[in-house]
Amino acid sequence: LEQTTTLNNGVKMPKLGLGVWKTDNKSAKESVKTAIKKGYHLIDTAKQYGNETGVGEGIKEALAETGMNRKDLFITTKLFNGDQGYESTINALEGTLKRLDLTYLDLYLVHWPVDGKYIDTWKAMEELYRQGKIRAIGVSNFDNDRLQDLLNHADIVPAVNQMETNPINQEKGILEFNNHAGIQLEAWSPLGGGEALSNPEVNKIAEKHNKSAAQVILRWDWQRGFVTIPKSSHEARIIQNSDIFDFELSEAEMDAINQLDKGKRSLWYENFAWHGGEYVDEVDHWDDS
Ligand code: A2P
């Protein structure tokens, strides 16, 4: 998995990694360890997931077992909504580094655009970047209006915008805007919660290449320029999801998948996410000590 993309600040980021949303500490530790041992270099977590400690343990054990160095990995985590605001963003990094047991992050993302706070938050992200504990800063779940607002106030253009995207939710307008702004798109839930995996067109293409539906979707992401971070807690799937470099989707196959877009984001996303307050209240179960 040597394939990387060069971010707008010159940092190289792997184009395929492991996501660990909906994974507890114990399971995250195992998945991360397996993934790194099987060649993954990019790991994506968030304080919100409540598993930074497990991710950190998985990293440490994998490095010990493989003889790899920390600098061979690319670790992303995300600022929790409840920590948004200038001072609290500055303070949040320490807790995150402590839980992950790391001295620096490769990428730190603002998890959601909490209205009324994301500009101050971004100013703090810029400060943390300048202090050198983060190799790149970015955002997640920013639609074009909020991203434009952020850009109007930013000194540093986000390196990455991580969005929910998959064949039935392609976010073409967001891709276009971000490409234009020099921001790398990254796909969360790239397999689309099952619906994309069972799509007949995707499965037809998969059969033709003797690959799985998941591999076709991840390859499509790769060819359309997204960084992609499928989650799996199963070793066989972790291995399978990284085995996408021995085949290529034709233009006609890319087009066929491009036609599957239904603009279908997860329901909760529309209902809760961009009203950061409601989302914040939901979660208070990790330990910042
Ligand atoms: P599991 O963890 O049991 O393997 P996404 O990253 O798009 O949110 O998708 C994650 C979901 O897809 C999880 O439920 C995961 O289940 C499942 N999944 C991950 N990889 C594969 C695969 N190669 N084939 C089928 N399902 C997969």
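None of the values given here were measured: they were computed from a predicted structure.

Caption draft 1: Representation of the site of the ligand in the model. The full set close to the ligand counts 16 residues, and Ser-189, Leu-191, Ala-214, Lys-231 and Ser-232 are the nearest of them. Counting residues per element, the shell around the ligand draws most heavily on helix H9 (residues 235–241), at three residues. The residue makeup of the shell around the ligand, split by class, is five nonpolar, nine polar and two charged.

Caption draft 2: Summary view of the nonpolar core. Grouped together as the largest cluster of nonpolar side chains are 68 residues, with contacts concentrated most on Val-32, Ile-43 and Ile-217. The biggest single contributor to this core is helix H8 (residues 213–223), with six residues. Residues contacting Val-32, with those up to four places away along its chain left out, are Leu-18, Val-20, Ile-43, Val-55, Gly-58, Ile-59 and Ala-62.

Caption draft 3: Layout of the UniProt feature "active site" (unreviewed entry) in the protein. Residues given the UniProt feature "active site" (unreviewed entry) here are Tyr-49. Among the structural elements, Tyr-49 can be located in the loop between strand S4 (42–44) and helix H2 (52–66). On the basis of neighbour counts, which here come to 24 C-beta atoms within 10 Å, the residue Tyr-49 falls in the buried class. Residues contacting Tyr-49, with those up to four places away along its chain left out, are Val-20, Trp-21 and Thr-23.

Caption draft 4: Local environment of the sheet that holds strand S6 (residues 107–110). Strand order in this open sheet of eight strands is S3-S4-S5-S6-S7-S8-S9-S10, and the pairing throughout is parallel. Across the chains shown, the open sheet's two edge strands, defined by having one partner strand only, are strand S3 (17–19) and strand S10 (227–228). Pairing of strand S7 (residues 137–140) with strand S8 (residues 160–164), which is carried by two bridges, proceeds in the parallel orientation. Bridge assignment links Val-139 to a residue of S8, and that residue is Asn-161.

Cut-offs applied
- Here, residues in each chain are numbered from 1, in the same order as that chain's written sequence.
- Local features in this predicted model are restricted to residues whose pLDDT is 70 or higher, and side-chain atom pairs enter the listing and the counts only when it is 80 or higher, whereas totals over whole chains, interfaces and linings include all residues.
- Any residue whose backbone-placed C-beta atom lies within 6 Å of a molecule or strand is treated as near that molecule or strand.
- For helices the rule is a DSSP run of H or I covering at least 4 residues; for strands it is a run of E covering at least 2, with both sets numbered from the N terminus onward.
- Lys, Arg, Asp and Glu make up the charged group, whereas Ala, Val, Leu, Ile, Met, Phe, Trp, Tyr, Cys and Pro make up the nonpolar group; the residues left over, Gly among them, are polar.
- Think of a nonpolar core as buried Ala, Val, Leu, Ile, Met, Phe, Trp, Tyr and Cys residues, each tied to the set through C-beta atoms within 7 Å.
- The burial criterion counts other C-beta atoms lying within 10 Å of a residue's C-beta, which is placed from the backbone; the residue is buried at 20 or more, exposed at 12 or fewer, and partly exposed between these limits.
- Two residues qualify as being in contact provided that their C-beta atoms, derived from the backbone, are within 7 Å of each other.
- UniProt positions are given in the numbering used here, feature names are shortened, and annotations may be inferred rather than shown by experiment.
- A pair of strands is labelled paired if DSSP reports no fewer than 2 bridges between them.

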